[in-house]
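So you can see what is in the structure, the chains are spelled out below.
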Amino acid sequence: MKKITFGLMALMISMSALAELPSLKRVGDKWLLHVDGKPFPMLSGHVMNSSSFDLEAMESVWDRMKAFGLNTLICPVSWQAIEPAEGQYDFTLVDGLIRQARERDMKLILPWFGTWKNARSFYVPEYVISDMERFPRMQRKDGQKMEYISTFSTEARDADTRAFAAMMRHIKEVDGDENTVIMVQIQNEVGVLGDSRDHSPMAEAAFAGPVPQELIDYMVSNRDHLKEHLKTIWAVNGYKTAGTWGEVFGNDLHADEIFMAWQYSNHIDRMAAAGKAELNLPMFVNGWLGQKEYSKPGRIPSGGPVARMMDVWKAGAPHIDLNAADIYAYYKLRCENFTRDDNPLFVPEACALWLGDRYSGPAKAFYTIAEAQGIGFAPFGIDHAHYDVDHPLGVAYHTLNNLMPLILEHFGTENLRGFYKAIEEGEPEETETSIEIGPYKFNVSYVPTLEQCYGLIIRTGENEFIFAGNGANIRFKPTNPDEHAGVSIRLVEEGSLDKDGNWVRKRLLGGDETVATYGIKLPPATFGIGHDKNNMIIQRVRLYLHPPAETVQETDTTPEF
Ligand code: DGJ
């Protein structure tokens, strides 16, 4: 009897361990998604908008993605597909995607295209789109009705919420113990396009009414660390703690944007709360950020979860775990703007194929995981033929996968760093990036003839470092030249981690495959030729510091041959 009790207890403990839901946890000074209780950085990709609706075609997409080294695929599902007639739900799509992910031992993120997808109401069921009375639309300032469903349509909000909650209930039934679905996105890049706010009669009445107390309370208690944009608008209007939207934020497009952010975040928060009551998965929203550093609300969706509206969204949608960044310009700056103690960085869309950005994925993946230390990265349109077997994203993801035990060991600390040469407009044109880790300084110089130059550094011991990347040379210097006259190499190895995370040396490197005694090459290409974008080699390097002024380090001028 006693034995059975212990056996049962052990079974219950192991079952509850299995059933631990994906969640976001603090790791060092950053965050990581945890799946089955273990950290799970997402090396991901986002399929094109209509791809997941063809399950048959998705079979080969999943195979390609697995071979590419992805551990997660982002596949949209839509309200339209799931509710073919009012109150009737069909989860064939969700079930198919879950099965396909499981068959490849991969994970799935589901963006819910509901009332709004890129501002528009394109993905709503037919009974919703055709009934403009029951589901009222937004209105422009000039009185013209817009196609988009108004945030003041409580019918739309409730119907969307019912369908979304039904999907979460279904996922719990079919996947509650397996955690194939690890995160859910609600709506997609919401906001008003073509005007800075809704001017329908309901919206006008709300705009003339008081700013809700929850928003005021949030701003008062977070006054010192509000995003600068919101803080300035509030300050310019006299830090009022009561009044209409116009009185508190001014009667202009800034107030309009804040007003809309509040309305959208409220709609989405209700959905998140109802969805989480069924299955408490991490949920997020994503923002359309625009190609300029600042785009006017209305030119980009007004009220959407852009960085400057982060505080309004935090106050208005407390059930949303994070505001994700769809970054198609200003990559480094936007990674920074979306990283906050209360907002883990996640990039579910990047690399605008349609703007000709074809090869920046590997550099941005390294940067997001190693330098910005985000929870995941995903190029958009990953199933496009462009991402074929030769695309360097494959070697980049395989390298990150191989180094994952070390990345996780040092995540959330300054022992993990990444870099890349400016790729797009708005990024500082650096010929060299300087990174300091403890007493060591790494001067990264980029191969001028290559567009994609990037890499990472992990400090694995007091004087030991791992390097991987492509298109860069790294010279070693002391952080403090008064303390140390120089830095030289003790040993350079090429290798990788085995399945237990132990370093396995493949060969020793030296001579032409390093930069004399004071630097390395990524990859270690002889005479600098062979910087093939698919040539990704992991190097482990041991260094030593010279005592002050005792030895003269070799100067790094190129000798004549
Ligand atoms: C951003 C959207 O979020 C995606 O769904 C997709 O439409 C891309 N733009 C590309 O157009």
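Residues numbered from 1 in each chain as written. Predicted model: local features only at pLDDT ≥ 70, side-chain atom pairs only at ≥ 80, totals over all residues. Heavy atoms only, no water.

## Here's the deal with the site of the ligand
Quick note on the threshold: Here a residue is near a molecule or strand as soon as one of its heavy atoms is found within 4 Å of it. For this analysis, a polar contact is any N or O atom pair within 3.5 Å, provided that within protein one partner can donate a hydrogen and the other can accept it, and provided that sequence-adjacent residues contribute only side-chain to side-chain pairs. Residue burial considers only the protein chains on display, and all accessible areas are found by Shrake-Rupley using a 1.4 Å probe.
Close contacts around the ligand come from Asn49, Lys117, Asn118, Asn188, Glu189, Asp326, Glu349, Trp354 and Phe380, and that covers them all. Asn49 places a polar side-chain atom, nitrogen or oxygen, 2.9 Å from an oxygen atom of the ligand. With respect to the ligand, the side chain of Asn188 contributes an N or O atom lying 2.8 Å from an oxygen atom. Contact with the protein chains covers 81% of the free accessible surface of the ligand, which is 290 Å².

## Notes on the sheet that holds strand E20 (residues 464-470)
To be explicit about the condition: Strands were regarded as paired on the criterion that DSSP finds at least two bridges between them. Here a helix means four or more residues in a row that DSSP labels H or I, a strand means two or more in a row labelled E, and each is numbered from the N terminus. With axes taken as lines fitted to C-alpha atoms, and helix axes fitted only over the stretch in contact, angles between N-to-C directions fall between 0 and 180 degrees. The criterion used for residue contact is that any of the two residues' heavy atoms lie within 4.5 Å.
The strand order across the open sheet formed by six strands is E16-E19-E20-E26-E22-E23, and the pairing between neighbours is antiparallel. What marks the edges here is a single partner per strand, and that holds for strand E16 (416-420) and strand E23 (503-508). Strand-to-strand twist of the sheet, defined as the mean angle between neighbouring strand axes without regard to direction, takes the value 30 degrees. With five bridges connecting them, strand E22 (residues 487-497) and E23 associate as antiparallel partners. Within the sheet, the bridge partner assigned to Leu497 lies in E23 and is Trp503. Sheet strands in contact with helix H14 (residues 361-371) are E16, strand E19 (454-461) and E20, and its direction is about 150 degrees off that of E16.

## Quick look at the domain arrangement of the protein chain
Under the convention used in this document: Here the bounds of each domain stem from an automatic or database domain assignment. Here's the idea: put two parts together, see how much 1.4 Å probe accessible area each one loses, and the total over both is what we call buried area. Salt-bridge detection follows one rule: a side-chain nitrogen of Lys or Arg within 4 Å of a carboxyl oxygen of Asp or Glu. Amino acid classes used here: Ala, Val, Leu, Ile, Met, Phe, Trp, Tyr, Cys and Pro are nonpolar; Asp, Glu, Lys and Arg are charged; the rest, including Gly, are polar.
Looking at the protein chain, the domain boundaries give domain 1 (41-200 + 259-389) and domain 2 (417-545). Measuring from the centre of the C-alpha atoms in domain 1 to the corresponding centre in domain 2 gives 37 Å. Between domain 1 and domain 2 lies a buried interface of about 1,400 Å² when both sides are counted; carbon and sulfur atoms form 62% of it. Taken together, domain 1 and domain 2 are joined by one salt bridge. Note that Glu371 is salt-bridged to Arg417, the shortest N-O span being 2.9 Å. Between the two partners, domain 1 and domain 2, sit three residue pairs in polar contact (both at pLDDT 80 or more). Of all the elements in the fold, those that place two or more residues in the side of domain 1 that touches domain 2 are helix H13 (331-337) and H14. Per-element tally for the side of domain 1 that touches domain 2: the top contributor is H14, with seven residues. In the side of domain 1 that touches domain 2, the residues fall into 10 nonpolar, one polar and four charged.

## Topic: the pairing of strand E17 (residues 432-437)
Quick note on the threshold: Relative accessibility thresholds used throughout: buried, under 20% of the residue-type maximum; exposed, over 50%; partly exposed, between the two (1.4 Å probe, protein chains only).
What you see with E17 is a clean split: Thr433, Ile435 and Ile437 sit on the buried side and Glu432, Ser434 and Glu436 on the side with no burial. Bridging between E17 and strand E18 (residues 440-446) involves six bridges; their strand directions are antiparallel. Within E18, the residue paired with Ser434 across the bridge is Asn443. In this structure, the hairpin formed by E17 and E18 is closed by a connection of two residues, where Gly438 is found at a positive phi of approximately 55 degrees.

## Some points on the environment of Arg99
With respect to the helices and strands, the residue Arg99 is situated in helix H4 (residues 92-103). On the basis of relative accessible area, Arg99 is assigned to the partly exposed category, the value being 38%. Remark: the alpha-carbon pair of Arg99 and Asn179, spanning 80 residues in sequence, is separated by 12 Å. Of note is the side chain of Arg99, whose polar atom sits 3.4 Å from the side chain of Glu59.

## Looking at the pattern of salt bridges
In total, this model carries 29 salt bridges according to the counting rule given. For the salt bridge of Arg104 with Glu59, the shortest nitrogen-to-oxygen distance reads 2.9 Å. Within this pair, whereas Arg104 is found in the loop between H4 and strand E7 (107-117), its partner Glu59 is found in helix H2 (residues 55-68), the two being separated by 45 residues in sequence. Overall, Arg104 belongs to the buried group, its relative accessible area being 10%. Bridged by salt links that share partners, the residues Glu59, Asp63, Arg99, Glu103 and Arg104 form one connected network.

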